[in-house]
Amino acid sequence: MSVDQATVRRIGRLAHIAISDDELPHFQGEINAILGFVEQLNAVNVDGIEPMTSVTPMAMKKRHDVIDDGGDAARVLANAPAREDDYYVVPKVVE
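Digging into the overall build of the protein
Consideration 1: For the protein, the helix and strand inventory stands at three helices and two strands.
Consideration 2: Listing the helices and strands of the protein from first to last along the sequence gives α-α-α-β-β.
Consideration 3: Computed over C-alpha atoms, the radius of gyration of the protein comes to 28 Å, more than 25% over the 12 Å expected from 2.2 N^0.38 for 95 residues, which places it beyond the range of a compact globule.
Consideration 4: Within the protein, the proportion of its 95 residues that are buried is 7%.
Consideration 5: Long-range pairs, those at least 24 residues apart, make up 25% of the contacts in the protein between residues at least 6 apart in sequence.

Re the packing of helix 1 (residues 5–14) against helix 2 (residues 24–42)
Consideration 1: Where helix 1 contacts helix 2, the axes come no closer than 9 Å and their chain directions differ by 90°. The orientation of helix 1 with respect to helix 2, classified from their angle, is roughly perpendicular. Contacts between helix 1 and helix 2 involve Gln5, Val8, Arg9 and Ile11 from the first element and Leu24, Pro25, Phe27, Gln28 and Ile31 from the second.
Consideration 2: Partitioned by chemical class, the residues of the contact of helix 1 with helix 2 number six nonpolar, two polar and one charged.

Here we look at the confidence of the model for the protein
Consideration 1: Residues with a pLDDT of 70 or more make up 99% of the protein, whose mean pLDDT is 87.
Consideration 2: Per-element mean pLDDT across the protein ranges from 81 in helix 3 (residues 73–76) up to 94 in helix 1.

What to know about unusual backbone geometry
Consideration 1: Non-glycine residue His16 carries a positive phi angle of around 60°.
Consideration 2: Mapped onto the fold, His16 is located in the loop between helix 1 and helix 2.
Consideration 3: Judged by relative accessible area, which is 76%, His16 ranks as exposed.
Consideration 4: If you check the backbone angles, Asp85 has positive phi at about 55° while not being a glycine.
Consideration 5: Tracing the sequence through the fold places Asp85 in the loop between strand 1 (83–84) and strand 2 (87–88).

Things to note about a nonpolar patch on the surface
Consideration 1: On the surface, a cluster of nonpolar side chains totalling about 290 Å² of accessible area is made up of Val44, Val46 and Ile49.
Consideration 2: With respect to the element layout, Val46 can be found in the loop between helix 2 and helix 3.
Consideration 3: Accessibility expressed as a relative area gives 51% for Val46, which makes it exposed.

Examining the environment of Asp4
Consideration 1: Among the structural elements, Asp4 can be located in the segment before helix 1.
Consideration 2: The exposure class assigned to Asp4 is partly exposed, which follows from its relative accessible area of 41%.
Consideration 3: Within the structure, the side chain of Asp4 is placed 2.5 Å from the side chain of Thr7, a separation counted as a polar contact.

Criteria and cut-off values
- Residues numbered from 1 in each chain as written.
- Predicted model: local features only at pLDDT ≥ 70, side-chain atom pairs only at ≥ 80, totals over all residues.
- Heavy atoms only, no water.
- Helix = DSSP H or I, 4+ residues; strand = E, 2+ residues; numbered from the N terminus.
- Rg over C-alpha atoms; globule rule 2.2 N^0.38 Å.
- Buried < 20%, exposed > 50% of the residue type's maximum accessible area, 1.4 Å probe, protein only.
- Contact = heavy atoms within 4.5 Å.
- Axes fitted to C-alpha atoms, helices over the stretch in contact; angles between N-to-C directions.
- Parallel < 35°, antiparallel > 145°, perpendicular 65-115°, else oblique.
- Nonpolar A, V, L, I, M, F, W, Y, C, P; charged D, E, K, R; others polar.
- pLDDT = per-residue confidence, 0-100.
- Patch = residues over 30% accessible without salt bridge, like charges linked within 9 Å, V, L, I, M, F, W, Y side chains within 5 Å.
- Areas by Shrake-Rupley, 256 points an atom, 1.4 Å probe, with all protein chains shown as cover.
- Salt bridge = Lys/Arg side-chain N within 4 Å of Asp/Glu carboxyl O.
- Polar contact = N/O pair within 3.5 Å; in protein donor to acceptor, adjacent residues only side chain to side chain.

Laid out in structure tokens, this is it:
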């Protein structure tokens, strides 16, 4: 697959990039090179290959989901701009 100069102009307009007439052949070559590389990747057989999250094998670090009140409500609420008892007071946003 290759793109023509009209397509390069359209891509530039959609991306809000000003492309002069002198730059069109350069960008056309760059886009065609990228598309050529993608076509090479499409030729690779990936049947049975698991998706990777990293190039090195690793297990995701997880922590236990434990409900905790912070231990000290007064310390937790110390920086609250407004509070009532042990709760934050926030402006009403729904009428």
